[in-house]
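Chain by chain, the residues run as shown.
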Amino acid sequence: MQNNILSHLQIQHKIRRIAYQIYEANVDEREIIVAGIEGGGLDFAKKIQTVLKKITPAKILLCKVQMDKKNPLESGVTTSIPEKEYTQKSVVLVDDVLNSGTTLVYGVQHFLKTPLKQLKTAVLVNRNHKKYPVKADYKGISLSTSLQEHVHVKFETQNDRVYLD
């Protein structure tokens, strides 16, 4: 049984709000790196990038962050842009759902190897089942769910949605 959490319109509002929060925190920056974790995080990052490009004169660079989400320690983390492109820049690491924190903490660890101006995190759905001390600086919605429930984020043309089953 699906339990709808966010509709397409609600997700659009959340993306816009998060983009404005990112802009406010980076109002003096000439360039902002939006780093999306491959999968739903990258899709969410692209949507944030689209809004940021409309509201800020800063250059918004999209970076794809790749890792094996089941075993990030062994797979390691790679990015679609070289390290020198984000050195001394403001980076926002984006994922669709913050559940245990594993994916986000390994993504953060990767970027901490490089001197940055600032590193923030953004998620559409923040669940409260973290096993690592990682938090989302920007979040669309926080959900208290049971461990048996699963949050699904679907990004489809004119039919984005978040549901629980």
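Notes on the structure follow. Being a predicted model, the structure only gives us computed values, none of them experimental.

Description of the sheet that holds strand β1 (residues 3–6)
What the three strands build is an open sheet, ordered β1-β9-β8; its pairing is antiparallel. The outermost strands of the open sheet, each flanked by one partner alone, are β1 and β8 (151–154). Neighbour-to-neighbour, the strand axes of this sheet turn through a mean angle of 30°, independent of strand direction. Where β1 meets strand β9 (residues 161–164), three bridges bridge the pair, whose relative direction is antiparallel. By the bridge assignment, Asn 4 is partnered in β9 with Tyr 163. Set on the sheet, helix α1 (residues 8–25) makes contact with β1 and β9; between it and β1 the angle comes to about 30°.

Section: the layout of surface pockets
Unoccupied space between atoms shows up once a probe the size of one water molecule is rolled over them. Estimated volume of the largest pocket: approximately 450 Å³. Around the largest pocket sit 20 residues that line it, and Lys 69, Val 97, Asn 99, Ser 100 and Thr 103 are the ones nearest its centre. Top contributing element to the lining of the largest pocket by residue count: strand β5 (residues 90–98), with four residues. Residues of the lining of the largest pocket, tallied by class, amount to seven nonpolar, six polar and seven charged. Within this model, the second largest pocket holds a volume of roughly 160 Å³. Every residue lining the second largest pocket is listed: Gln 12, His 13, Ile 15, Arg 16, Lys 46, Lys 47, Thr 50, Val 51 and Lys 54. Contributions of two or more residues to the lining of the second largest pocket are made by α1 and α2 (40–55).

Basis of the calculations
- Residues numbered from 1 in each chain as written.
- Predicted model: local features only at pLDDT ≥ 70, side-chain atom pairs only at ≥ 80, totals over all residues.
- Heavy atoms only, no water.
- Pairing = 2+ DSSP bridges.
- Helix = DSSP H or I, 4+ residues; strand = E, 2+ residues; numbered from the N terminus.
- Axes fitted to C-alpha atoms, helices over the stretch in contact; angles between N-to-C directions.
- Contact = heavy atoms within 4.5 Å.
- 1 Å grid on protein atoms, 1.4 Å probe; cavity = no way out; pocket = protein on both sides within 12 Å on 5 of 7 lines; lining within 4 Å.
- Points joined across faces, edges and corners; volume = space filled by probe spheres on them.
- Nonpolar A, V, L, I, M, F, W, Y, C, P; charged D, E, K, R; others polar.

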